[in-house]
Amino acid sequence: MAGKAAGSGVQSVERVFELLEIIADAGGAVTLSELSASTDLPLPTIHRLLRTLVTLGYARQLPNRRYTLGPRLIPLGEGATKQLGSLALPQLKKLVDGLGETANIAVLDSDMVVYLAQVPSQHSMRMFTEVGRRVHPHATGVGKAILAQLPDDKVREIVARSGMPTPTDKTIGTVDELLADLRQVRKRGYAVDEQEQELGVRCFAIAVPDAPTPTAVSVSGPISRVDEGFAARAVPLLRSAATSLSQEFNGQEPG
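Report on the accompanying structure. Per-chain numbering applies: the sequence of each chain, read as written, is numbered from 1 onward. The predicted origin of the model limits local features to residues at a pLDDT of at least 70 and limits the giving and counting of side-chain atom pairs to 80 or more, whereas totals for whole chains, interfaces and linings rest on all residues. Computation of side-chain values covers all heavy atoms of the structure but excludes hydrogens and water.

Before going further, it helps to spend a moment on the overall build of the protein chain. Helix and strand counts for the protein chain come out as eight helices and nine strands. Within the span of the protein chain, comprising 255 residues, buried residues form 44% of the whole. Residue pairs in contact within the protein chain that sit at least 24 positions apart in sequence constitute 55% of those at least 6 positions apart. For the accessible areas, the method is Shrake-Rupley and the probe is 1.4 Å, while residue cover comes only from the protein chains on display. Counting every atom, the protein chain has about 13,300 Å² of accessible surface; 54% of that belongs to carbon and sulfur. Here a strand is any run of E in DSSP of at least two residues, a helix any run of H or I of at least four, and the numbering for each starts at the N terminus. The buried label goes to any residue with under 20% of its type's maximum accessible area, the exposed label to any with over 50%, and the partly exposed label to all in between, with areas taken from a 1.4 Å probe on protein chains only. By definition in these notes, contact holds between two residues if any of their heavy atoms fall within 4.5 Å.

Before going further, it helps to examine the nonpolar core. We define a nonpolar core as any set of buried Ala, Val, Leu, Ile, Met, Phe, Trp, Tyr and Cys residues linked to one another through side-chain atoms lying within 4.5 Å. If you look at the biggest cluster of nonpolar residues, it comprises 29 residues, and the most contacted ones within it are Leu92, Leu95, Ile105, Phe204 and Val219. Elements that contribute at least two residues to this core include exactly helix 4 (73–99), strand 4 (102–109), strand 5 (112–119), strand 8 (201–207), strand 9 (215–222) and helix 8 (228–249). Sorting elements by how many residues they give to this core places helix 8 first, with nine residues. With residues near it in sequence (within four places) discarded, Leu92 still touches Ala103, Asn104, Ile105, Ala117, Gln118, Val119 and Val217.

Right, let's get into helix 3 (residues 43–56). Helix span, as expected, comes to 1.5 Å for every residue beyond the first. The end-to-end C-alpha separation of helix 3 is 20 Å, in line with the 20 Å expected for 14 residues at 1.5 Å each. Those residues of helix 3 lying buried are Thr45, Ile46, Leu49, Leu50 and Leu53. Viewed along the axis of helix 3, the buried residues span an arc of 125°, placing them on a single side of the element. Looking at helix 3, the residues exposed on the side facing more than 90 degrees away from the buried face are Pro44 and Thr55. Downstream of helix 3 by one or two residues, Gly57 has phi in the positive range, about 90°. When we speak of the arc, we mean the arc of directions from the helix axis to the C-beta atoms.

Turning next to the sheet that holds strand 1 (residues 29–30). The strand order across the open sheet built from three strands is 1-3-2, with neighbouring strands paired in antiparallel fashion. Of all the strands in the sheet, just strand 1 and strand 2 (59–61) have a single pairing partner and so form its edges. Only the stretch in contact is used when a helix axis is fitted, and all axes are lines through C-alpha atoms; the angle between N-to-C directions ranges over 0 to 180 degrees. Contacts between helix 3 and the sheet are confined to strand 2 and strand 3 (67–69), with strand 2 contributing the most and set at about 105° to the helix. Two strands pair under a simple rule: DSSP has to find at least two bridges between them.

A few words on the side chain of Thr140. Secondary-structure assignment places Thr140 in the loop between strand 6 (134–135) and helix 5 (141–147). By relative accessible area, which is 1% here, Thr140 ends up buried. Beyond its immediate stretch of four places on either side in the chain, Thr140 contacts Tyr115, Val135, Asp193 and Gln197.

Looking at the secondary structure, you find Ala207 in strand 8. Along the sequence, Ala207 and Ala148 sit 59 residues apart, while their C-alpha atoms lie 8.5 Å from each other. Every residue in contact with Ala207, bar those within four places of it in the chain, is listed here: Ala145, Gln149, Thr215, Ala216 and Ala242.

Working note: a packed helix pair is described by the angle between its axes plus the distance between those axes. Look at helix 6 (residues 152–162) against helix 7 (residues 175–188): their axes get within 11 Å of each other, and the N-to-C directions meet at 135°. Comparing their axes, helix 7 and helix 6 come out oblique. Considering how the two elements wind past one another, helix 6 and helix 7 form a crossing that is right-handed. In this structure, helix 6 contributes Asp152, Val155, Arg156 and Val159 to the contact, and helix 7 contributes Val175, Asp176, Leu178, Leu179, Leu182 and Arg186. Residues are grouped as follows: nonpolar covers Ala, Val, Leu, Ile, Met, Phe, Trp, Tyr, Cys and Pro; charged covers Asp, Glu, Lys and Arg; every other residue, Gly included, is treated as polar. In terms of residue class, the contact of helix 6 with helix 7 is made up of six nonpolar, no polar and four charged. Oblique is the label for every angle not falling under 35 degrees (roughly parallel), over 145 degrees (roughly antiparallel), or within 65 to 115 degrees (roughly perpendicular). In this scheme the handedness of a crossing depends on how the near helix is turned from the far one: anticlockwise by less than a right angle means left-handed, clockwise means right-handed.

See the structure below:
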């Protein structure tokens, strides 16, 4: 009996997270029938689990009877996000030690990119981005590295909701230009912010493979120092950092 109960408990946890992930992937609001169509779970089981989640505050039922993610998930997500930033600091420091320029890690949060952690350059003239800052993905190296991991239709949806402001005259301003740039990112394996977020600043970024949430790591600095020669040194180190971070995020020992 004890073994059976333990197995049942694990299965229930798996089912709960399956439902939460379906709600999140659907844009945050689904009907009971949509949930039923997206999983093999029996309808009574879905209803029972949702009722428990609503009671605990991890899900909400709207007046139109659609289910959304609940407010009690917010502190859990914030805590997990901070942990990702903390885990990344040693790899960011290695990048700064090896390249001399500022290193960042960022994630896609809804339709915006959020910077989780940064290790600044020791140069007096350096790139600085406040941790927690939210920026549009199309105008940043980390954002484009993340978007390049997504299907074009998903990219279109994101920029349709968030818009495509142009902070500099070098910023990509149309979806077609962005998709063309992302094709280049996929081809060469890294993204470049060519003074698109801030004039005089260039950034190289690589997505972290198999991260628990879309994530990218970057190095950035003034164009006088971050040139083609810098790129030849930076890309292999960024790729190594991204691989190590992927392993750490997935509970593996970095190789």
